[in-house]
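Analysis of the macromolecular model
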Amino acid sequence: MASIFTKFPVAEKNLLKIFASNKHISLQVVNNRTGHIFLWANTLEKEMKERLKVTGDKAWDMGAARLCAGLLARRARDAGHQQFTYERGKQRYQGKVKVVIDTLTEHGVEFIQYAGKRPPRFPWDKAG
């Protein structure tokens with residue numbers, strides 16, 4: 001018997017991974033088929049350290065997250081990858097995560113769904 005996923009093969013999508021601590025933020029884009037990280041940006045890079053006075057963010061100032069997302073968007077544009085998938089897992093859409101995603105969309109990155117799953121059959125079905 002054929003699997004249901006033979007009708008809906010896994011597409012070549014790029015998964016955005018966000019790690020945000022109190023002092024640093026790290027963004028990685030991973031190919032979901034090969035598992036290779038091909039785009040990244042973080043506050044530990046030399047370029048970012050020169051531009052930022054403080055890498056830790058407060059709730060009122062998300063400068064490091066905004067700058068890091070802008071650097072990732074520029075690298076994505078240079079590499080020719082403008083579509084990412086973001087599966088949030090346990091991360092809520094608030095704080096640094098919200099700033100990163102909003103900044104990426106402002107810079108022209110498009111977020112698409114269904115990285116490793118088939119799309120819902122009916123609109124009232126939940127994804128997955």
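Anyway, here's the lowdown on the structure attached to this text. (Residues numbered from 1 in each chain as written. Predicted model: local features only at pLDDT ≥ 70, side-chain atom pairs only at ≥ 80, totals over all residues. Heavy atoms only, no water.)

Attention now goes to the nonpolar core. In summary, soluble globular proteins display a tendency toward joint burial of nonpolar side chains. Counting 26 residues, the largest nonpolar core has L16, I18, L27, L72, F84, V100 and L104 as its most contacted members. By residue number, the principal contributor to this core is helix α2 (residues 63-79), which donates eight residues. Beyond its immediate sequence surroundings of up to four residues, L104 is in contact with L16, A69, L72, A73, V109 and F111. (Core = buried A, V, L, I, M, F, W, Y, C linked by side-chain atoms within 4.5 Å. Buried < 20%, exposed > 50% of the residue type's maximum accessible area, 1.4 Å probe, protein only. Helix = DSSP H or I, 4+ residues; strand = E, 2+ residues; numbered from the N terminus. Contact = heavy atoms within 4.5 Å.)

In this section: the environment of V54. Within the fold, V54 resides in the loop between α1 (46-51) and α2. In this structure V54 comes out as exposed when scored by relative accessible area, which is 56%. Each C-alpha atom, one on V54 and one on A64, is 7.8 Å from the other, the two residues being ten residues apart in sequence.

With that out of the way, let us pick up the pairing of strand β2 (residues 25-31). Counted residue by residue, β2 has six buried out of seven residues, so it is predominantly covered. Note: strand β1 (residues 14-20) against β2, seven bridges, orientation antiparallel. Within the sheet, the bridge partner assigned to L15 lies in β2 and is V30. In this antiparallel pair of consecutive strands, β1 and β2, the connection spans four residues. Relative to strand β3 (residues 37-42), β2 runs antiparallel, the two sharing five bridges. Its bridge partner lying in β3, S26 is registered against N42. Between β2 and the antiparallel strand that follows it, β3, lie five residues; G35 among them carries a positive phi value of about 85 degrees. (Pairing = 2+ DSSP bridges.)

Take helix α3 (residues 95-106) next. Here α3 is twelve residues long and its end C-alpha atoms lie 17 Å apart, about the 16 Å a rise of 1.5 Å per residue gives. Every buried residue belonging to α3 is among K96, V97, V99, V100, I101, T103 and L104, and all of these are buried. If you follow the buried residues of α3, they end up packed against β1, β2, α2 and β5 (110-112). Positioned one or two residues after α3, G108 has a phi angle of 100 degrees, which is positive. (Expected span 1.5 Å × (residues − 1).)

What follows covers the side chain of S26. Locating S26 in the fold gives a position in strand β2. Once you skip the residues sitting within four places of it in the chain, S26 turns out to touch K17, I18, F19, A41 and N42.

Quick look at the packing of aromatic side chains now. One pass over the full model with this rule turns up one aromatic pair. Between F84 and F111, the ring centres sit 6.5 Å apart and the planes meet at 70 degrees, which makes this aromatic pair edge-to-face. Residue F84 is found in strand β4 (residues 83-85), and its partner F111 is found in strand β5; the two are separated by 27 residues along the sequence. Residue classification places F111 among the partly exposed positions, given a relative accessible area of 26%. (Phe/Tyr/Trp six-rings, centres within 6.5 Å; stacked < 30°, edge-to-face > 60°.)

This structure, assessed with the given rule, holds three salt bridges. Across the pair R75 and E45 runs a salt bridge, and its minimum N-O distance is 2.7 Å. Of this pair, R75 sits in helix α2 while E45 sits in the loop between β3 and α1, and the two are 30 residues apart along the sequence. For the salt bridge of D102 with K98, the shortest nitrogen-to-oxygen distance reads 2.9 Å. Of the two residues, D102 and K98 both sit in helix α3, four residues apart, roughly one turn of that helix. (Salt bridge = Lys/Arg side-chain N within 4 Å of Asp/Glu carboxyl O.)

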